[in-house]
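Residue strings, one per chain:
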Amino acid sequence: MATRDEMDATYNYMDEIFRLSLGETADITCALYDGDYSKTLEQAQADKHRYVLDSIGFKPGSRLLDIGCGWGPVLRAARDRGGSGVGVTLSRKHAESCRRNGLEAHVMDWQDITVDTFGRFDGVVSIGAFEHFCTPEDYQAGRQDAIYDRFFRLCHDLVGDGGRLYLQTMIWGRNFPGVERVSLDSPKGSDEYILAVLGKFYPGSYLPHSMESLARTAEPYFDLVEFKDGRKDYIKTTEEWSVVWKMTPRKLLAALKLAPYFIRDPDFRYRLQTLRGGYMKECMKREIMSHRRLVFKSRVRSEVGVPAGVSTGEPQAAS
Ligand SMILES: C[S@@+](CC[C@H](N)C(=O)[O-])C[C@H]1O[C@@H](n2cnc3c(N)ncnc32)[C@H](O)[C@@H]1O
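Note that the structure is predicted; figures quoted are calculated from it, not measured.

Criteria and thresholds
Residues numbered from 1 in each chain as written. Predicted model: local features only at pLDDT ≥ 70, side-chain atom pairs only at ≥ 80, totals over all residues. Heavy atoms only, no water. Near = heavy atom within 4 Å. Polar contact = N/O pair within 3.5 Å; in protein donor to acceptor, adjacent residues only side chain to side chain. Areas by Shrake-Rupley, 256 points an atom, 1.4 Å probe, with all protein chains shown as cover. Helix = DSSP H or I, 4+ residues; strand = E, 2+ residues; numbered from the N terminus. Nonpolar A, V, L, I, M, F, W, Y, C, P; charged D, E, K, R; others polar. Buried < 20%, exposed > 50% of the residue type's maximum accessible area, 1.4 Å probe, protein only. Contact = heavy atoms within 4.5 Å. 1 Å grid on protein atoms, 1.4 Å probe; cavity = no way out; pocket = protein on both sides within 12 Å on 5 of 7 lines; lining within 4 Å. Points joined across faces, edges and corners; volume = space filled by probe spheres on them. Salt bridge = Lys/Arg side-chain N within 4 Å of Asp/Glu carboxyl O.

Engineer: I would appreciate a short explanation of the site of the ligand in the present structure.
Structural biologist: Near the ligand there are 23 residues, and of these T29, G68, T89, H94 and I127 occur at the shortest range. For the ligand, an oxygen atom lies 3.1 Å from a polar atom in the backbone of I28. Within the contact set of the ligand, a nitrogen atom lies 2.8 Å away from a backbone nitrogen or oxygen of I127. Compared with its free state, where it exposes 600 Å², the ligand has 98% of that area covered by protein. Looking at the shell around the ligand, the elements that each hand over two or more residues are helix 1 (4-11) and strand 2 (84-89). Looking at the shell around the ligand residue by residue, the class counts come to 13 nonpolar, eight polar and two charged.

Shown next, in the form of structure tokens:
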């Protein structure tokens, strides 16, 4: 699991520039084009928010949990639909920004949530956060499935029978070379080199290997009822993000404030290299990575075998 320090390092420096570029509730994950690349980024993000809320059956008065809420785009969409949301994030700047905009967000690891923390929800959403839940070391130690199992079990506890989970995540693509080959000593521009630089941009992060393996891990708790391949949408979204780099006087001021990061953070140059070089887009183009939007429906409690010792906040159901 990526740590709070790693998530602060990943996201906090972006805070001012990203909000100036993408708005107060900056959405920094793949928008929904669904084959129509004439849409503006704004429209494609609004379409994603509608799709996400529809996927979990969100209605006026509903309440959702957003695991990895970022600057709160989905929390805002939930409010705009007449409902409410609770967001958790490991980035202090994300939570502060959400609260400034009247959204409920907490700096909290999802692993510390139980049904007693915020109560139950009508649906759970997690967009672009799952990538941070397993580290390369977790994967190498064989812990990946156990982490995902814990996540799906928690979501099941939180939504109850028949409740929905919307999960959007990058996954490894068919050309992923394997973690053991990833190295900064590889030739510049190679798949292995780009992934090594990305490892500095997103420390403590490792992707699921396939949608099928994820669905299998979820199976004790959820059925996968719908999915979309978002790889091409991701490429288009990253192209649109070039707006982030269009300088304005306010952004220039914000950029100047980043100078101390070069001294404090030895990996900061790799972060800028990733953004300047469009490395995420490159990974999607080369199919080193891919992307999925997944809609899960929880299985009825009596069908779920809840392992002994797990706190569900309720008497354990017979399996
Ligand atoms: C790429 S941002 C996604 C933000 C937002 N969902 C969006 O679509 O714009 C990833 C988010 O996941 C959060 N995150 C990562 N690991 C987490 C954890 N273990 N518990 C809670 N939040 C986590 C980060 O702090 C960050 O807010």
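Engineer: Is there a simple way to explain the environment of Q168 in this structure?
Structural biologist: Within the element layout of this structure, Q168 appears in strand 5 (residues 164-172). Of the residues examined, Q168 reaches a relative accessible area of 1% and is grouped as buried. Each C-alpha atom, one on Q168 and one on V295, is 8.6 Å from the other, the two residues being 127 residues apart in sequence. Setting aside its immediate chain neighbours within four residues, Q168 contacts T29, C30, K48, S126, I127, G128, E131, H291, R292 and R293. Side-chain polar atoms of Q168 contact the backbone oxygen of C30, separated by 3.2 Å.

Engineer: When you look at the layout of surface pockets in this model, what are you seeing that I'm missing?
Structural biologist: The method is simple in principle: a probe with the dimensions of a water molecule rolls over the atoms, and the space it marks as empty is what remains. Here the second largest pocket is characterised by a volume of approximately 320 Å³. Taken together, 16 residues line the second largest pocket, and the ones lying closest to its centre are D27, E42, Q45, H49 and R76. When residues in the lining of the second largest pocket are grouped by element, the largest group, six residues, is from helix 3 (residues 41-55).

Engineer: Would you mind showing me how to read the environment of D34 here?
Structural biologist: Turning to its location among the elements, D34 is positioned in the loop between helix 2 (15-22) and helix 3. Between the C-alpha atom of D34 and that of A105, which follows or precedes it by 71 residues, the distance is 30 Å. Apart from the residues lying within four places of it in its own chain, the contact partners of D34 are K228 and D233.

Engineer: Looking at this structure, how should I read the pattern of salt bridges?
Structural biologist: Opposite charge on two side chains allows them to pair when their charged atoms are near. Considering all chains together, one arrives at 23 salt bridges under this definition. Three or more residues are tied together by salt bridges with common partners; here these are D15, R19 and E24.

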